[in-house]
Amino acid sequence: MPEGDVLLSNADGAILAHGADVLVCDCQGDGLDLAVRRVATFALVASIIIAGIVTARAAPLPILLIAVTWGAGATAALLAARRRRRLHGVFRLDFERAEIVQEGRGFRRIFPMGAVVGVSTPPAADAEVDEPGLAPRWLLLHLANGETLRLGRAPAYALGPALAFLKRAGVEA
């Protein structure tokens, strides 16, 4: 990631300001995506092997139900992981050029800055912190087409500089 003024830096990503007009957010998500892909791949391979064994008549036909169930579950998990991956990536919010560029794993998307509806900081669903002020929150950018982009994750106080940058740029909560 290029150099800039660090507004947020933690294990979940970083947010950098490049001058007064460009905000670069790196929020790759967590390891859940990798875990889902590995388990789903295993389930798909096991399903194919079971189907092959049943086809060779080395196992009774009702066992095929297990293979079909695993295959359907793995496919659903892979689709959900793909949908979730579209929330994360490296985002370049360029207010001078009036565009948002998202680069994720295997894709690149560009949105006009006019598509931004607002920003919010809801609590992260997996927050397990004893003190409420330290519970992680997502920095979400809401678009007019209904999509949400995750720009970062940190306690509310740590998101303050990024929120202030967005407010100065004209993005309201």
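Residues numbered from 1 in each chain as written. Predicted model: local features only at pLDDT ≥ 70, side-chain atom pairs only at ≥ 80, totals over all residues. Heavy atoms only, no water.

Trainee: Would you mind showing me how to read helix α3 (residues 156-168) here?
Mentor: Residues that lie three or four places apart on an α-helix share one face, since the helix turns once every 3.6 residues. Taking 1.5 Å per residue, 13 residues should reach 18 Å; α3 reaches 18 Å between its end C-alpha atoms and fits that length. When the local axis directions of α3 are compared, the greatest deviation, roughly 30°, occurs at A162. If you check which residues of α3 are buried, you get A158, L159, A162, F165 and L166. Immediately beyond the C-terminal end of α3, within one or two residues, lies G170, with a positive phi of roughly 100°. (Helix = DSSP H or I, 4+ residues; strand = E, 2+ residues; numbered from the N terminus. Expected span 1.5 Å × (residues − 1). Bend = angle between axes of the 7 residues up to and from the residue. Buried < 20%, exposed > 50% of the residue type's maximum accessible area, 1.4 Å probe, protein only.)

Trainee: Can you walk me through the packing of helix α1 (residues 32-55) against helix α2 (residues 64-85) in this structure?
Mentor: Geometrically, a packed helix pair is captured by the angle between its two axes and the distance between the axes. Two elements in contact, α1 and α2, have axes separated by 8 Å at closest approach and are oriented at 155°. Overall, the two elements α1 and α2 adopt an arrangement that is roughly antiparallel. Judged by the twist between their axes, the crossing of α1 over α2 is left-handed. From α1, L32, D33, V36, R37, A40, A43, L44, A46, S47, I50, A51 and V54 reach across to α2, where they touch L64, I66, A67, W70, G71, A74, T75, A77, L78, A81, R84 and R85. In terms of residue class, the contact of α1 with α2 is built from 17 nonpolar, 3 polar and 4 charged. (Axes fitted to C-alpha atoms, helices over the stretch in contact; angles between N-to-C directions. Parallel < 35°, antiparallel > 145°, perpendicular 65-115°, else oblique. Left-handed = near helix turned anticlockwise from the far one by under 90°. Contact = heavy atoms within 4.5 Å. Nonpolar A, V, L, I, M, F, W, Y, C, P; charged D, E, K, R; others polar.)

Trainee: I keep staring at the pattern of salt bridges and nothing clicks. Help me out?
Mentor: Side-chain pairs of opposite charge can arise where the charged atoms are in close proximity. Evaluated as defined, the whole model comprises 4 salt bridges. For D12, the salt bridge goes to R153, with nearest N and O atoms at 3.6 Å. Pair noted here: D12 is in the loop between β1 (5-10) and β2 (13-18) and R153 is in strand β9 (residues 148-155), with a separation of 141 residues, a long-range link. Look at R153 and you get buried, because its relative accessible area is 13%. Between R97 and E99 there is a salt bridge, and its shortest N-O distance comes to 3.2 Å. Its relative accessible area of 18% is what places E99 among the buried residues. (Salt bridge = Lys/Arg side-chain N within 4 Å of Asp/Glu carboxyl O.)

Trainee: Just checking my understanding: could you explain unusual backbone geometry for this structure?
Mentor: For residues other than glycine, phi is negative in most cases, and the peptide bonds are mostly trans. The backbone phi angle of R57 is positive, close to 60°, even though this residue is not glycine. Along the chain, the position of R57 falls in the loop between α1 and α2. Phi at A98 is positive, roughly 60°, even though this residue is not glycine. Residue position: A98 is located in the loop between β4 (89-94) and β5 (99-104). Looking at A98, the relative accessible area reads 39%, which means it is partly exposed.

Trainee: Any chance you could explain the pairing of strand β6 (residues 107-112) here in plain terms?
Mentor: Along a regular strand, successive side chains alternate from one face of the sheet to the other. Of the two faces of β6, the one lined by F107, R109 and F111 is fully buried and the one lined by R108, I110 and P112 carries no buried residue. Note that β5 and β6 share 6 bridges and pair antiparallel. Of the residues in β6, the one forming a bridge with E99 is P112. Counted along the chain from β5 to the antiparallel partner β6, the turn is 2 residues long, and its residue G106 has a positive phi close to 90°. (Pairing = 2+ DSSP bridges.)

Trainee: Explain the sheet that holds strand β8 (residues 136-143) to me, please; I cannot follow it from the model alone.
Mentor: Hydrogen bonding along the main chain pairs the strands of a sheet, whether they run parallel or antiparallel. Pairing is antiparallel in the open sheet, where 3 strands are placed in the order β7-β8-β9. The open sheet has two edge strands with one neighbour each: β7 (116-120) and β9. The sheet shows a mean angle of 15° between the axes of neighbouring strands, direction not considered. Where β7 lies against β8, 4 bridges are found, and the strand directions are antiparallel. Directly across from G118, in β8, lies its bridge partner H142. Lying on the sheet, α3 is in contact with β7, β8 and β9; it crosses β9 at an angle near 135°.

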